[in-house]
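Below, each chain spelled out in residue letters.
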Amino acid sequence: MKIDLLIKNCSELHTLKGPKRPRCGDEMKDTAMVTGGALAVDGGMMIDAGETGELEEKYDPVVSMDATGKTVIPGFVDPHTHLAFAGSREDELVMKIEGKSYMEILRGGGGILRTVRATRKATKGELKDAMVKRMDTMLSYGTTTAEAKSGYGLDLENELKCLEAINELDREHTMDLVPTYMGAHALPPEFKDHGEYIDYCMEEVLPVVAERKLAEYCDVFCEEGIFDPCHSRDILLKAKELGMGLKVHGDELANIGCSRLAARLSAISAEHLAKTTVDDMKAMAEAGVTGILLPGTPFMLMQGHYPDARMMMEQGMALALATDLNPNCYTESMQMVITLACLQMKMHPREALTASTFNAARAVGREDIGCLEPGYKADVVILDIPNILHLPYHFGVNLVERVYKDGKLVFCR
Ligand code: NIG
Ligand code: FE
């Protein structure tokens, strides 16, 4: 049979074959590895995966790619980013080095609010230029799909600008984006009261976002001193009513009941989770809420307090990993995140791989990516490493040699 592409002789091929639902707890270690494996791709889709000899007999490829000595995986899915921002905050890094906390910087007019000022000032074109630069880097680091949140515009005009930029770039750029509305990210300066601002989001912004189909998900920064669980619940229920999926930034700096809220509302994911209790973990496991862990954030906050990934898996939770890309945690690299996940949260490299591909795809509602079995999209990454253990181990450099999106070669070193 004639096909477009055969990738053969992979030192390790991780297909992620297995149940179609998110992989929980112990299941995360199984990446369905084939030694000396091959992949058959046609029309942008995966049509076969197995032993090289077997596939070579069955297929007559237009292009044959020899992956001797390489590890082949599905494209990374980054399920939590704040891609739509203007400006940067490198000087705040120095403040953090000198001992200032994230909340102190925010209360002093820095942090999120400073990025809101820069993002409001930027035109949609300027914002898109900054985003494209980041997306090009993400793609070259192996990310083929990412979620992208608004949340640095806050008022109607600027939230729409950010969401339009995300939706346009999903169509215009090779990488795919999943748009999330996160108006409840901070209290904008023109409001004095969190309740009033949440009402504004619910009455003036969410209905327009929903009507124009600009976001698939609604997220909220549920945190002590930011939005409390009551305000968070109100806006999430409104978003649900309008047909959106739910996400929660919770238990990042303090535990005020946000992951429990995510479980009660059957959110698709709860994100951060550095201060989550074992009972919260059980509730999320039972409700099928995926925990999206963002080890780059505690790393950049220098707080040394990472989510308890091992305990979460023990309680049967499904975990995903993400960059949290934002001006506080400025990285496009899922490879860096995997290194941090393995070293700081004691995840096994195979668990980290499942969390960065298959489970990450489910955490953004994508059922056709994150796996290299027949019927999935051919989003494939060839890593210049002989086995997956090198992924966290050989750190701080780009290990990606080739990226295929929908079966097409889109990055090559
Ligand atoms: O997920 N925690 C809230 N939002 C972002 C940080 C945003 C910022 O500092 O600009 C986060 O870490
Ligand atoms: Fe975030």
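Residues numbered from 1 in each chain as written. Chains lettered and ligands numbered in written order. Predicted model: local features only at pLDDT ≥ 70, side-chain atom pairs only at ≥ 80, totals over all residues. Heavy atoms only, no water.

Asks: Can you help me understand the coordination of the iron ion (ligand 2) in this one?
Replies: Note on metal sites: the ideal angle is 109.5 degrees for four tetrahedral donors, and 90 or 180 degrees for six octahedral donors. Within the protein, His80 (NE2), His82 (NE2), His249 (NE2) and Asp324 (OD) serve as the donor atoms for the iron ion (ligand 2), at 2.1 to 2.2 Å. Each donor residue of the iron ion (ligand 2) lies on one chain, and together they are spaced H-x1-H-x166-H-x74-D. With His249 in strand 10 (residues 245-250) and Asp324 in the loop between strand 13 (319-321) and helix 13 (334-345), this residue pair connects regions lying 75 residues apart in the sequence. Grouping residues by exposure puts His249 and Asp324 together as buried. (Donors = N, O, S within 2.8 Å, 3.2 Å for Na, K, Ca; no water. Helix = DSSP H or I, 4+ residues; strand = E, 2+ residues; numbered from the N terminus. Buried < 20%, exposed > 50% of the residue type's maximum accessible area, 1.4 Å probe, protein only.)

Asks: Would you mind showing me how to read the state of the cysteines here?
Replies: Throughout this description, disulfide means a covalent bond between two cysteine sulfur atoms. Counted under the stated rule, the structure contains one disulfide. Paired by a disulfide, Cys222 and Cys258 hold their sulfur atoms 2.3 Å apart. Taking the torsion about the S-S bond as the criterion, the Cys222 to Cys258 disulfide, at about -75 degrees, is left-handed. Of this pair, Cys222 sits in the loop between strand 9 (217-221) and helix 8 (229-241) while Cys258 sits in helix 9 (residues 258-264); the two residues are 36 residues apart in sequence, bridging distant segments of the chain. Residue Cys222 shares its accessibility class with Cys258, and that shared class is buried. Sulfur of Cys201: no disulfide; nearest cysteine sulfur belongs to Cys218 and is 8.3 Å away. (Disulfide = S-S within 2.5 Å.)

Asks: How do you make sense of unusual backbone geometry when you look at a structure like this?
Replies: For residues that are not glycine, phi is negative in most cases, and the peptide bond is trans in most cases. Its identity as a non-glycine residue notwithstanding, Leu154 has a phi of 70 degrees, on the positive side. By the secondary structure assignment, Leu154 is in the loop between strand 7 (143-149) and helix 6 (156-172). Backbone geometry at Lys346 places phi at a positive 60 degrees, although glycine is not the residue there. In this fold, Lys346 is placed in the loop between helix 13 and helix 14 (349-356).

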